[in-house]
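Inside the fold
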Number of protein chains: 2
Amino acid sequence: MDRIFRVNMGSLKVSEEKVTGDYLGLGGRGLTSMVVSKEVPATCHPIGQHNKLVITPGLLTGTTAANSGRLSIGAKSPLTGGIKESNVGGTAATKLARLGIAAIIIEGMPEKGKLFGLAVSKDGVKVFPADDLKGLGNYELTEKLQSKYDKKVGIISIGPAGEMKMAMASIAVTSTNGTPSRHAGRGGMGAVMGSKGLKAIVIDDTGAEKVAIKNPDLFKEASQKFVKALREHPVTSQGLPTYGTNVLAAIINEAGGYPTRNFSSGRFEGTDKISGETMHDIISKRGGKTTHSGCTTCIIQCSNEYVDEKGKYITSALEYETIWANGANCGIDDLDAIARMDRLCDDYGFDTIEMGCTIGVAMEAGVKEFGDAEGAIQLIHEAGKGTPLGRIIGNGAGFTGKAFGVVRVPVVKNQGMPAYEPRAIQGIGVTYATSTMGADHTAGYATATNIMKVGGYVDPLKPDGQMALSQNLQITTAAVDSTGLCLFIAFPALDIPECFEGVIGMLNGCYGLNLTPDDVAALGKKILKIERDFNERAGFSNVDDRLPEFFKEEKLPPHNITFLVPDVDLDKVYKF
Amino acid sequence: MDRIFRVNMGSLKVSEEKVTGDYLGLGGRGLTSMVVSKEVPATCHPIGQHNKLVITPGLLTGTTAANSGRLSIGAKSPLTGGIKESNVGGTAATKLARLGIAAIIIEGMPEKGKLFGLAVSKDGVKVFPADDLKGLGNYELTEKLQSKYDKKVGIISIGPAGEMKMAMASIAVTSTNGTPSRHAGRGGMGAVMGSKGLKAIVIDDTGAEKVAIKNPDLFKEASQKFVKALREHPVTSQGLPTYGTNVLAAIINEAGGYPTRNFSSGRFEGTDKISGETMHDIISKRGGKTTHSGCTTCIIQCSNEYVDEKGKYITSALEYETIWANGANCGIDDLDAIARMDRLCDDYGFDTIEMGCTIGVAMEAGVKEFGDAEGAIQLIHEAGKGTPLGRIIGNGAGFTGKAFGVVRVPVVKNQGMPAYEPRAIQGIGVTYATSTMGADHTAGYATATNIMKVGGYVDPLKPDGQMALSQNLQITTAAVDSTGLCLFIAFPALDIPECFEGVIGMLNGCYGLNLTPDDVAALGKKILKIERDFNERAGFSNVDDRLPEFFKEEKLPPHNITFLVPDVDLDKVYKF
């Protein structure tokens, strides 16, 4: 993995270079953030000619390491205006890595209105005209490309949302089942891809050689240690495989941290109808898949295939965040409707978290009533078709709040909040407030320690200890996001020492290094500093590291509590 | 003028206090900015409970000083997110001053959906319910209030745009002819008023005593000196009274600085059809008023009353900025259509500059064609009625650019640019970039020196000297904006020493002071520092003191020039 391909969408020329200099030793988020930091002017227009879209597998991607199939996509974000790394599973990352590709960097701008695709294979990267694919949803697009190329190709693509450069446009990646159901959702990476006139990247790794391993014995031993930990920890061995990520619904609702009706309550009366347990029963009864691995090399298998009453595939995977955002947050308790919303978002190419947040804000504005599932579905169609109302919705929760004069808008750095109430889970509030990415649960998943008591326990309702918890998690996460490993390894990693030893052992075995845990922490810190520096150059200050004022002023039921972590603590997060 | 009234829109209580402490000696912009700086948390939501709307006459308002009828309205801006002072002529300021009122401060938030009015008289300030006025345009509203109170009352009001809390909502003030045709347009002050549930302020100064003058002889002498200068300078004695502000159209077009079709050219082929000269002929022929004084105490009389072919009143005053924004900037050369657009904006309560900038961006996006006057009118109706498309338009040029994925968007700090191309008039570019107000020509009118050679000459096409020019003008303007004097006094003030001596003499005569020119400059600097500090606390940095990237990259015809003032110069503006 030492090849970097640059594609200039203006000249349509492709060039290849070796990984050198500052880019050496980096992968995944570390590499995307370094490239964006070095090559993209921080103040540039995010859908203008100076932004770049950077696509990278992780450091362990392409090897036999379990759960190593994550792909990182980076750029200046049209949603936040800051740096963004959005990562995604599926099949593409492994194929890129097997082709020896460390990064594809998309630059420049095409002639207005022109669309192109990239064909990636052992022969390199080729540009092809794609005007015939204009306006296609990800599902039809994927089928068309699979029939033209091969069923087994990996596809990275955008739907109409990305073509319209909407700030919540996602980038889809094909799952192991061939559907475009894995999404780099957050931060509008699809809009950047759309601004480059790039509709799809087709990756065929036929004939690729195995990724070279410097020290196979060390790698194998470490890999086994790592797998053992994943298979031992109850979250990765039982909770996630059985119920999927939606195992969390009942837990977070019980904790009073399940944001309901646009963050006006922490408990939803309809949770039983949309919980992981209920979903498991529905899928089982209908003959869908309650579990499967959507990402190459996955052994956790948190994914599922949700089917309709006749057993026909609707979507995969129906996940906790999506169900919450388009469910409880909109007062909707109809799992079939939510599954259709997920499918529509995947097809049009929308981030399901941002979409649910946005619909919640629109409902607060009175555009639709809370609980109106058909109304919510209609809003997604409006967005996907780019009607005037859809242009509002498609640009996210912050934008929709401004359009309709709503004050209670749950965003940080203009990115909509995920499924954890920062008043009831104060640690995640610190992450939302301070992450370089905007409100992002995956940037430092304090919920694990606040609620699930993984990696110790910090009382979720008190401000004490939350800063240090979030800071440590943010640092570690930045490093994990560089490996290509699924973030769910954090559960065993926080509780079982051998898990993290396994990760370091795999890195050392693969690259012939002698990394220690300190080196990994140093990598995480380095990445955060790079990202923070970019954001500062883009105009961010500690003013942007705050939750919206209503979190400090409105008491959240059922705990009747506000966000209590003081600003001085928030300002300490990057003091490391 | 030492009375401050506070109105809490939550409790509906009014309290009165004396001007004391930091507020002593301030008026107009100086007082609004000081109150906002002291009392409004810089990071608060601009349409939330913590923002305040501050309404103040200037220091000389209410006296017999010529052209002293400006009203300052301040708040945190929903458009820029920074501090805002938007000022306006008409009749209200003088009436407030004669009632001894230095400021009305509107605080808190009412019960959702409730509307109120304020009745201001020598008996103080009283709140009245105004749900019956909901949704009214400014014209119907004004007539209704005039028939209920008195034809001679001054009225400050919002139209539907303000009620909908749109970021380009203006605050209307009645002109001397009783129409709601003077607007505090910039920065969405109407949205703040709307968020407070305040529909109108009715001011009856019956029985008010004359404003006390400490040294009547000095005041009289200075006042005469001031008037003499206004009557001597060709701009204030000939250009403005004869052709109105639109005298500029031909001049700026000739200079290649007349932004055309969303800032894609500096010269409009249809300028002859919409110039001040043409307008003068049309109004004369139809029996309208080519000149009159719209503001109390005005002796320049730049205003006009534009009438239709049958001589029926359409709007007043049809001004240069409005004609440019909704004309050349949209490729429209139909003065009757532009007059109707002005009337609609005044009625719905929109800033005509922001509206024209926004329509230009919408046309760039293909929502309407450039030159489509009926299409432009339809967009204003959409905005005024709050349709989904209208919710986009009503929130301004920056917002509309984001909605439709347009990169060429002429805004600074999210405020749309006025009628001077910063590539062809580089001095005004420095003002746009660095003003605390966002892109605002009135904040430091470098066009005077760049194009009209008033106050010397600085070559408009070269970067040299523009920083110092803009800096000096911004400082002086901040002081002038505190006096309540019309900014057009700047023309004689820059060329005739007695003009500025007259201003200082009037202040000294009125308040029994011994101010020198240095004191006036110090006041201007103090105000700018207060505003800059607020903006920094709100999260602004020098990154926000820049023009959009296309001004540095796209060459503007006919001079084929980019914006050349280096960033280091922009960063010097506040180094005083």
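Fair warning: this is a prediction, and the values are worked out from it, not measured in the lab.

Rules behind the numbers
- Here the residue index of a chain counts from 1 through its sequence in written order.
- Whichever chain is written first becomes A and whichever ligand is written first becomes 1, with later ones labelled in order.
- The predicted origin of the model limits local features to residues at a pLDDT of at least 70 and limits the giving and counting of side-chain atom pairs to 80 or more, whereas totals for whole chains, interfaces and linings rest on all residues.
- Each helix is a run of DSSP H or I of at least 4 residues and each strand a run of E of at least 2, with the numbering of both proceeding from the N terminus.
- Every C-beta atom is placed from the backbone, and the number of other C-beta atoms within 10 Å of a residue's own sets its class: buried at 20 or more, exposed at 12 or fewer, partly exposed in between.
- Placing a C-beta atom from the backbone of each residue, one calls two residues in contact when those atoms lie within 7 Å.
- Only residues with pLDDT of at least 70 in both copies count here: their C-alpha atoms drive the least-squares fit that superposes the copies.
- Three classes are used, and their members are as follows: Ala, Val, Leu, Ile, Met, Phe, Trp, Tyr, Cys and Pro are nonpolar, Asp, Glu, Lys and Arg are charged, and the others, Gly among them, are polar.
- Strand pairing requires that DSSP identify at least two bridges connecting the strands.
- Axes here refer to lines fitted to C-alpha atoms; in helices the fit is confined to the stretch in contact. Angles between the N-to-C directions go from 0 to 180 degrees.
- Convention used here: angles under 35 degrees read as roughly parallel, angles over 145 as roughly antiparallel, angles from 65 to 115 as roughly perpendicular, and any remaining angle as oblique.
- For a crossing to be left-handed, the near helix must be turned anticlockwise from the far one by less than a right angle; the clockwise case is right-handed.
- An automatic or database domain assignment provides the domain bounds reported here.

What about the overall build of chain A?
When its secondary structure is counted, chain A shows 24 helices and 17 strands. Considering chain A as a whole, with its 576 residues, one finds that 64% of them fall into the buried category. Counting contacts in chain A only where the partners sit at least 6 residues apart, residues at least 24 apart contribute 72% of the total.

A word on the relation of the copies chain B and chain A
With an RMSD of 0.0 Å, chain B superimposes on chain A once it is rotated by 180° and translated 0.0 Å along the axis. In the structure described here, the two chain copies are related by an operation that fits a two-fold rotation axis. Rotation axis and chain B: the residue whose C-alpha lies nearest the axis is Pro388 of chain B, separated from it by 2.8 Å. Comparing interface residues between copies, 100% of those in chain B also sit at the interface in chain A, which points to an isologous, same-surface contact.

Side note on the interface of chain B and chain A
Taken together, the contacts link 26 residues of chain B with 26 residues of chain A. Taken together, the elements giving at least two residues each to the side of chain B that touches chain A come down to helix H15 (388–393) and helix H16 (397–404) of chain B. Here the residues of the side of chain B that touches chain A are counted per class, giving 13 nonpolar, seven polar and six charged.

Brief notes about the sheet that holds strand S4 (residues 71–76) of chain A
Residues and elements named next belong to chain A. Strand order in the open sheet formed by six strands is S2-S1-S6-S3-S4-S5, and the pairing between neighbours is mixed. Every other strand in the sheet has two partners, leaving strand S2 (13–18) and strand S5 (83–88) as the edge strands with one partner each. Mean inter-strand twist for the sheet, computed between neighbouring axes without regard to direction, equals 20°. Across six bridges, strand S1 (residues 3–8) lies against strand S6 (residues 101–107) in parallel orientation. Note on S6: the bridge partner recorded for Asn8 is Glu107. Strands in contact with helix H1 (residues 28–39) are strand S3 (53–57), S4, S5 and S6; relative to S4, the strand with the most contacts, it is inclined by about 20°.

Let's talk about the sheet that holds strand S11 (residues 182–184) of chain B
Residues and elements named next belong to chain B. One open sheet holds the six strands; their spatial order is S8-S7-S12-S9-S10-S11, and the pairing between them is mixed. Where the open sheet ends on each side, the last strands, each with one partner, are strand S8 (124–129) and S11. The sheet shows a mean angle of 20° between the axes of neighbouring strands, direction not considered. Those strands touched by helix H3 (residues 138–148) are strand S9 (154–157), strand S10 (171–173) and strand S12 (198–203), and its axis lies near 140° from that of S9.

Here's the deal with the packing of helix H1 (residues 28–39) of chain B against helix H22 (residues 517–537) of chain B
Angle between the axes and distance between the axes are the two parameters that describe a pair of packed helices. Residues and elements named next belong to chain B. Axis separation between H1 and H22 bottoms out at 10 Å; the angle between their running directions is 30°. Our classification of the angle between H1 and H22 gives roughly parallel. For the pair H1 and H22, the crossing hand works out as left-handed. For the pair H1 and H22, contact is made by Arg29, Gly30, Ser33, Met34, Val36 and Ser37 and by Leu523, Ile527, Ile530, Glu531, Asp533 and Phe534, respectively. Classifying every residue of the contact of H1 with H22 by side-chain character gives six nonpolar, three polar and three charged.

Brief notes about the domain arrangement of chain A
Buried accessible area, meaning the area lost when the parts come together, often serves as the stated size of an interface. All names here are of chain A. Per the domain assignment, the segments making up chain A are domain 1 (3–203), domain 2 (215–243 + 422–576) and domain 3 (244–420). Once you take the C-alpha centre of each, domain 1 and domain 2 turn out to be 25 Å apart. Listed by partner, the interface residues are 36 residues for domain 1 and 30 residues for domain 2. The set of elements that each furnish at least two residues to the side of domain 1 that touches domain 2 consists of H1 and S5. Counting residues per element, the side of domain 1 that touches domain 2 draws most heavily on H1, at seven residues. Of the residues that constitute the side of domain 1 that touches domain 2, the class distribution is eleven nonpolar, 20 polar and five charged.

Focus: the pairing of S1 of chain A
Residues and elements named next belong to chain A. Bridge count for S1 against S2 is six bridges, and the pairing is antiparallel. Pairing of Val7 across the sheet is with Val14, part of S2. Between S1 and S2, which pair antiparallel one after the other, the connecting turn spans four residues, and Leu12 there sits at a positive phi close to 60°.

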